Structures are given as C-alpha cells and as structure tokens.
Amino acid sequence: MSGPDVILRAEHVSVEYAGRRPTRAVRDVSLELRRGEVLGIAGESGCGKTTLAYALARLLRPPAQMTGGTVTFTSADGQSVDLSALSGEQLRRFRWAKVSVVFQSAMNSLNPVTTIGRQFGDIFAAHRPDMDHAARERRARELLTLVNIDPERTVCYPHELSGGMRQRVVIAMALALGPELVIMDEPTTALDVLVQREILDEIERLREQLGFSVIFITHDLSLLLELSDRLVIMYAGQIVESAPGELVGKEAAHPYTQALLGSFPDMRGDRRNLHGIAGSPPDLRADQVGCPFAPRCEQVFEPCRSVAPRLLPVPGRADWLAACHKTGGPA
Amino acid sequence: MTTPKSPGWARARRGTRLRSPVRYLARKLGFYLVAAWVALTVNFFLPRLIPGNPIEVILGHMAHFGTPPPDEAQVLSRILGLGNGSIFEQYWQYLDGLAHFRLGTSVYEFPVPVATLIRQSILWTVILVGTATVISFAVGIGLGVLAGWKRGTWLDNLVPATTLLTAMPYFWMALLLVYLFAQLIPALPASGGYGLTDNVGFNWPFIASAIQHSILPAATIVISSVGGWLLGMRNMMVATLSDDFVVAAEAKGLKPRRVMLGYAARNAVLPSVSGFAISLGFVVSGSIVMEQVFNYPGIGNVLFQAVNNDDYPLMQGIFLVITLTVLGANLLVDLLYGLIDPRTRIG
Amino acid sequence: MSAFRSWRLRAGVAITGFFVLLAVIGPFFASNPNGFSRAEWQPPSAAHWLGTTQLGQDVLAQLVAGTRTTLEIGAGAGLLATVISIVIGIGGGYLGGLADELLSLLSNVVLVIPALPLIIVIASFVHATGVWPTVAVIAFVSWAASARVLRAQTLSVRNREYVLSARASGERGWRIVFFEILPNELPIIISQFIFSVIFAILTQAGLAFLGLASPEQLTWGNMLYFAQNDEALSSGAWWWFVPPGLCIALFGMGLALINFSLDEILNPRLKIYRPVKSRKLAPEPAEAVS
C-alpha cells in the first residue's frame, strides 16, 4: 500500500485519571509519525503531552488509564502491532526493543545504588539472554563511547556523574537495543542552557548515524522549531495545530500557537514586545463546550464559544491542520 | 567533544574512592566512642541516685547474705567511683576499675564477682536475641517486599493485622505461648536454657537441648518484632515503586523480579537498615522481660534478679555491658549500611 | 472527609475512642475493682463477666478502672516525650550550626542507648514507682527517635519560601518556629506522639511486670504482674491473664492503625489505586455541530 511510511499511528486516543470527577487529560488525539521523522509535541504544563507520551509507550499506571483509541506500531519489516493489545510477557519483550523512552530528569531515572555498567547489563539480560557477561560489558562501553562518555565509567554510580553526563547515559540506554522509535520527554529541561545545546546536538548526530525516529516532547517551543520535521501543539488535552516545523515558525495558524511564538524572543529577529497569554487552562475535569482556548483567545468570535472546532486542514495545505474556526474549513 | 581526561584523572578517582569509606568509618567509630563514653558516665552517676549513702546501703544488703570482708567498703567506693577526693579523682578511679574489668561483687550472689555473673549469661542472650533478630529482620523485610510489590491485593490487606502483633507486650505473648505449647500441648519446654541433666559443653545432646529450649523464646521475639520491619518495608516499597527509576526500569522491559529486587527493594530497604538502632532497642527491651518468663539463663534474667534484690553493683554492671553490646551491634549495622549505599562513600 | 473512607482509619479511631471512653466514664459503671469477695478464681459468669482474681476481685472492674491510669501514663509520657522532641528536634533543626550539631549528637546518643535497661536501672535505683516519676523516666528516655524525625523535617522546611520571607521581614525566631514551622509539621508531630504513647504503655507494662511499679496503682500492667505472681495462666485462670494483655495489644493496634492511615493520607506516594479493568469505549462522538 503506497503512502508515507508510518511507524506509529495513534487514533482517537483518550486518557483519563480516575477519581470522583475524572480528569480527562487526553481527549481524542490522533497523530502519525513517519519513519525517520522528528515529531515535536509542544504545549504548556498540564496540556496532556506527557500523559499522551506515556499512553503511546504503554506506561500509564493507575489512576491513569486509556479510555479509548488505538496505537499501532509498524516496524521496519512491515509488521504492525496493536500496542494496546499487548500484555504480559509479550509487552515486556516489545518494550525497549522497538520503542524506548528518555525520561525527564535523568538523575531520577537511574538506579542510585547500582553501577551504570550493571544497569546496561540489566537491559541486555532482559532482552538478549544469549549475551554473556563480557559481551554485555563490551556493548555497554560501545554505547558510552557513542554518546562521548569515557567507557571506563561503566563502574561509576549515577551520583558520580554530572547532570549532562547522566542525561547522555540515559540516552545511550535508550539506544541500547537499537530501537526504531525513541520518545523523549523533556530530556533537557533540567539542564542548563549550554549543556542543553550539547545534548540536542548529540541527539541530532545520533539520529543521523542510527536513523531512529523521535517523538520530542517539551514545553519549550523554540527548541522544537529547529529540531522537528513536524510539530504538534497541544492544549487542554487536544491537538490544536499540526504542521511541518518550519511552517509553524514562520506563521502559525492557530491563535494559541501564535501566542506561544509571541512569548519568546528570536535571537536574530527584530526586537518586539513580548506577550504572555492571559488566563489559565481550563479544568480538565469538566466537559468542554466550544473551543477550549476561547476564554483566552484574542481573536475569539461568535462560533468559538459554542461550537468546538475540529482539526481540519488549512485551506490549500493537506499536511497542515488546525483546530480553529478562523483558519479551518467550514465547521 | 570528548570528556577531557587529564593524566591525574584516573589516579584522583582511585584516590577518592579510597578516602571516603575511611572517612565514613572514622565518623561512625567516633560517634560510637562518644556514645560509649556517655554510657560510662551515666553509669558513673547512677549510684548517686540511691537515697542515702550508697556504700552503706550496699554493705547493708550484703550483710544479709554473709559478712563482707573488712576492706569491702573501700573496694566498693573505688569501683563505684564514690571514693575520696574530688569528683574527677573519683571518675578516674571508676574508669581505672573498668579498664581492669573490675565491676564489683554481686550482692545477692555474694561473693561472686559481677563480671563472672555477666560472663556466664551474656552469650546465651546474644546468641538467642541475635539469631531471632536476624530471622525476624529477614522474614519481615522479605514479606514487606512482597506486600509492597503486590500492593492493593489481599496480601497487602494482611498488613494492618501485623500491627496487632507489634503492639503485644513481649512477656504477655511469651506466657501465652508457654501456656499453649508447653502446657496445653506439651510440645516444647516451658523454661530454662537446656535440660537439667545434660552435660554442659560442646556436645550434641546439649546443643540439641539448648536449641529446643530456645524455640519458644525465639518465636516470641520473632512474632513480636517482625511486624515492625514488615510495615516499614512495605510502606517504603510502595513509595519507591512510584519513583522515576522504577518506572524507567519497567519501561525498559526488565524482568519483573529484577525490578522488584534490584531496583525497588534494594533502595527501599535502606531506611530499615539505617533505622535499625531503634528497632534493636525494642528487641533488646522486650527480650529482657521475656527471659524472666522463660527462666532463660541470659543476662535479662540476671538483671531481673538483680532488680528484685536491689543488687546495685550487678545492675550497674549489666547496664554497662548491655549498652556496650547494643552499641557494638549498631556500629556493625552502620558499617553494613555504608557498604550497601554507595552514596555514603562520597565524604 | 473522604479520608474516613479508609476502613483502617475508621477501625483505628473506633478502637482508640472506645478505650478513651472507657477510661473516662467506665469507672462510674463498673463495680468496685478492689472489693474482695469469697468468689475466688471464678471463670467468667453472669455475675462476673470476666471472672475473678485470686482474691475474689472482679476482673472486668479492674480492667475498666485500670484503663484510666494506664492511659494517663501513656498519654502523659507520650506528651512529655513529644514536647521534648519538639524543642530539641525542631529547635536544633531551625538553629543550625553548632547548636544543631550538638543537639543532634545528643539525640543520636540517647537514641542508641537501649531504653528499657536504662529505665529499669534508673527506676530501681530511685525507687520511682509513682505515676509522675514513671511518666518522667519513660519520657526522658524515649524522646530521641521523634527528635531525629522532626529535625530532618525541619531542615527541609526551613529553606522554604514562607520561612525565608518570615525571616526577611524580621519575624523573631521563636515566633517563626511556633507559627510557621510547627503548624506545617503538625501531622508528623501527631504521628510521633502516637508512637510515643504506644511505647510508653508497653514500657509501663514491662516495668509493672518486673515489679517496678507501685502496687497501689491499678494499671493493665499491674494486673499482669499480680496475675503472673499468682500463677494465673499456668493454673488455667486465663480470664485473669489474657484480658489485660489483650487490651494493651488492642489499644496499641488501634493507635497503630490511625498512624498507618495518617501516613497513607499524608504521603501521596503511598496511595494505592485499585487496578481498574481497562475499558475500551467507543471513540468519543464527534463534537456537536450546530
């Protein structure tokens, strides 16, 4: 079947946090990731992007649960797997081998009482039982070298490494089994700006070298503008805009994206006034009537408050979607 | 963009890894020396609490059991640090006596020296309490790991029941066990450390009898103290399971058993080890009373007799020895903690 | 309060409340605990619900009367120990520097020296048998564990914004401790108080059992002493021996359950979510179109 080579397809995914009044953190989200692509997901805190990432990676834990939708992963050899149908040993074997995750704040995602080398070894012991100790050690050193860390450091404990080094270790671990997709959840947020730049360059270099696809999640839109092939903006649990990266940078279709772009300065652009976005995101426990951004939107008009806009292509562009009455097609 | 590796880097790193454990050891040792010194000093001041003239009181008690030798008053005053001179001189005499293991003469077992009585009984207690504590710790931690791992299931719901066990007075449970298993069902011996007619020594019949007599006392200790460790470990396990590195470990598709043991339990057990001192205090306290119930020939029983007979020198000696033993045990556990938590090795 | 949905909390409060109630109004309803009678060694019957002692005294009456003194000692020692631990733990944690080092050293040393041997020895040297000496001795030996916990908490709290801003605005040290730090640590203080009460009651029972408590006091521990002295259990008179110990255990369990639930409520990481079967619902219907 011809068409773009899609590696991950999420359709109508919804996630809810159980409670007396359940919080609907992700509402009817559909997206596609093409092989070799970097998909950026941006949005403010609480918009549901991390929850969405966890849902895609089957990492949701009670009280969070996926209440609707499917996630399909297609590996390079053409086999498709319905991720929501996997369970038990099947799920365990699938994990990390095809899809891996780089978590926020690396210092907490490493076991503090075990050496780095041993933690690499655990991954191999769980997925490549035929590797003996020497082979595991060798491979661990290879991976450290891959991310520019001295391979002697396999005997180090996490607290003996700097923040940037730990993040690189976590990235190396994510690549240990040669996955096809790496989901990165705010991998550089806890680091200072210089180290951030290093890590991002590192990720780019590794991607070119090894060819994996990336879903990159962050609240920092400016990072994604240069990094992503495609960008998805989330607000209040929904996707409000989805477009190629460089297009969004030049002119965004959705007022929320425009407001986001207007809130950070451009290094090389003209000087201009910065604006924040007044108000706060809606309560995710309540049902939404109309557009979720309407209360804060500067371009709001009549249909916005009563009719929820659908995610539709901007006129003339099939690959540019926006959920806005102003730019989308007829409601 | 390679990590710069200066020539001294490897050497320095090796050096750091050597220096820090030594510093940790020195700090712990120093603390326990201070604690031991405090215990000694408290012991020194104890006789001054006795209403009236302590030496006369003690001599008076001794007279019940026999005639004290003429210079006993002097000996006593030196050992208890109540002799002549300023308080510093008294303190020095007291420390001097301790250094030579002169702990005085017992009152009710006159004229047996205190040191002898202690020496005869301490090993029984240490072996019984030590073994029971190790068993209790292992079982409590083990069950706690399982209860925490399977949180929310029926296994977890048993946990509050263990609070009932922990709140039971040791001696009450001991007596109940005796009633049930030595009287109602005459399966185990009700008292003593070993059978009456056995030859004391390293022969199998004696050891077998000793083990048989220690089952009920050990069971009392284990049942009463296991709940504390179970509860603590279970709570810590549940909290650790939501830690990022555990979530990450599951995301990596690691085998569940490895995550449970190597990632969750390995970190969750740390507070139980560092809080061991408090738990050990409970265990020691409980076993002192329990020994009286079982008439077990341990140091708790001797303390009980001493209390009953107002045998001050013996009480002081026992307090000192128990305290030093407990301090020693705690030092060992602290060192163990230094081994299992690599973060302590950083200065 | 949704907290009360936890059955453990309800059970704990119920048990503890029952005993407190018993302590307060029980003696008005029970018969004379010290009344000798001819009906010695009687098993439970209609006349004596829990039987009688060697001297013909009604066990139930003794149990009820003893509740008050036992709880008084427990609460008193617990309260005193908690107050000491607040002063040393929070005080040291807030002051920092040398004062903190010394106070912390003091706490650790007192912590590591075994409590019961020390209490026994002090109690017998001083012949401290009354209620208040017992309370004092127990409290002075058992405050250290709480102090350590409170100090650790204070260290992490003193750098929070509300404390820093209070200091910056010139509020005096002791006022900050009382009005900013203390209220925030109240849940932990309550939890430590509960532990102290359990410890105090168990210790008092142990002391009584060893004969170190004044025989005139009527406590659960004393009942056990008399029962054991008269060899109640081995003679089969379980009704004299079992109830006091059982009361100690039940009261302790009630308190421990409260503590357990308190922990669950306060520490979000201990919250257990029962695994819910995942529901695969139909995708949400398309937004309403006018």
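Note that the structure is a prediction, hence the values are computed from the model and not measured.

Regarding the overall build of chain C
Stage number 1. Helix and strand counts for chain C come out as ten helices and zero strands.
Stage number 2. Starting at the N terminus, the α and β elements of chain C follow one another as α-α-α-α-α-α-α-α-α-α.
Stage number 3. Taking 2.2 N^0.38 as the reference for a compact globule, 290 residues should give roughly 19 Å; the C-alpha atoms of chain C span a radius of gyration of 25 Å, well beyond that estimate.
Stage number 4. Based on the C-alpha atoms only, the size of chain C along its principal axes is roughly 85 × 65 × 30 Å.
Stage number 5. Residues counted as buried form 47% of the 290 residues belonging to chain C.
Stage number 6. Considering only residue pairs separated by 6 or more positions, chain C has 69% of its internal contacts joining residues 24 or more positions apart.

Topic: the confidence of the model for chain C
All names here are of chain C.
Stage number 1. Averaged over every residue, the pLDDT of chain C is 80; the share at 70 or more is 91%.
Stage number 2. Element-level mean pLDDT values for chain C span from 78 in helix α7 (residues 161-168) up to 89 in helix α2 (residues 59-95).
Stage number 3. Predicted confidence for residues 275-290 stays below pLDDT 50, and this span has 25 contacts to residues more than four positions away or in other chains.
Stage number 4. ipTM for the predicted complex: 0.84, alongside a pTM of 0.82.

Regarding the interface of chain C and chain B
Stage number 1. Contact with chain C, which involves 47 residues of that partner, is made by 45 residues of chain B.
Stage number 2. Only α3 (97-112), α4 (115-126), α8 (173-209), α9 (220-229) and α10 (238-266) of chain C provide two or more residues apiece to the side of chain C that touches chain B.

With respect to unusual backbone geometry
All names here are of chain A.
Stage number 1. Omega for the bond connecting Pro62 with Pro63 falls within 30 degrees of zero, at 10 degrees, which places this linkage in the cis form.
Stage number 2. Secondary-structure assignment places Pro63 in the loop between α1 (49-56) and β4 (64-74).
Stage number 3. We note that Asp28 has phi near 50 degrees; this positive angle belongs to a residue other than glycine.
Stage number 4. A positive phi angle, close to 65 degrees, is found at Asn148, a residue other than glycine.
Stage number 5. If you trace the backbone, Asn148 turns up in the loop between α5 (133-146) and α6 (163-174).
Stage number 6. A count of 15 C-beta atoms within 10 Å places Asn148 in the partly exposed class.

Side note on the sheet that holds strand β12 (residues 321-322) of chain A
Residues and elements named next belong to chain A.
Stage number 1. Taking strand neighbours across the sheet as the criterion, the eight strands line up as β6-β7-β8-β3-β9-β10-β12-β11 in an open arrangement whose pairing is mixed. Of all the strands in the sheet, just β6 (99-102) and β11 (312-313) have a single pairing partner and so form its edges.
Stage number 2. One ladder, built from two bridges, connects strand β10 (residues 238-244) with β12; its direction is antiparallel. In the sheet register, Ser242 faces β12, and the bridge partner there is Leu321.

Rules behind the numbers
- Residues numbered from 1 in each chain as written.
- Chains lettered and ligands numbered in written order.
- Predicted model: local features only at pLDDT ≥ 70, side-chain atom pairs only at ≥ 80, totals over all residues.
- Helix = DSSP H or I, 4+ residues; strand = E, 2+ residues; numbered from the N terminus.
- Rg over C-alpha atoms; globule rule 2.2 N^0.38 Å.
- Buried ≥ 20, exposed ≤ 12 C-beta atoms within 10 Å, placed from the backbone.
- Contact = placed C-beta atoms within 7 Å.
- pLDDT = per-residue confidence, 0-100.
- Pairing = 2+ DSSP bridges.

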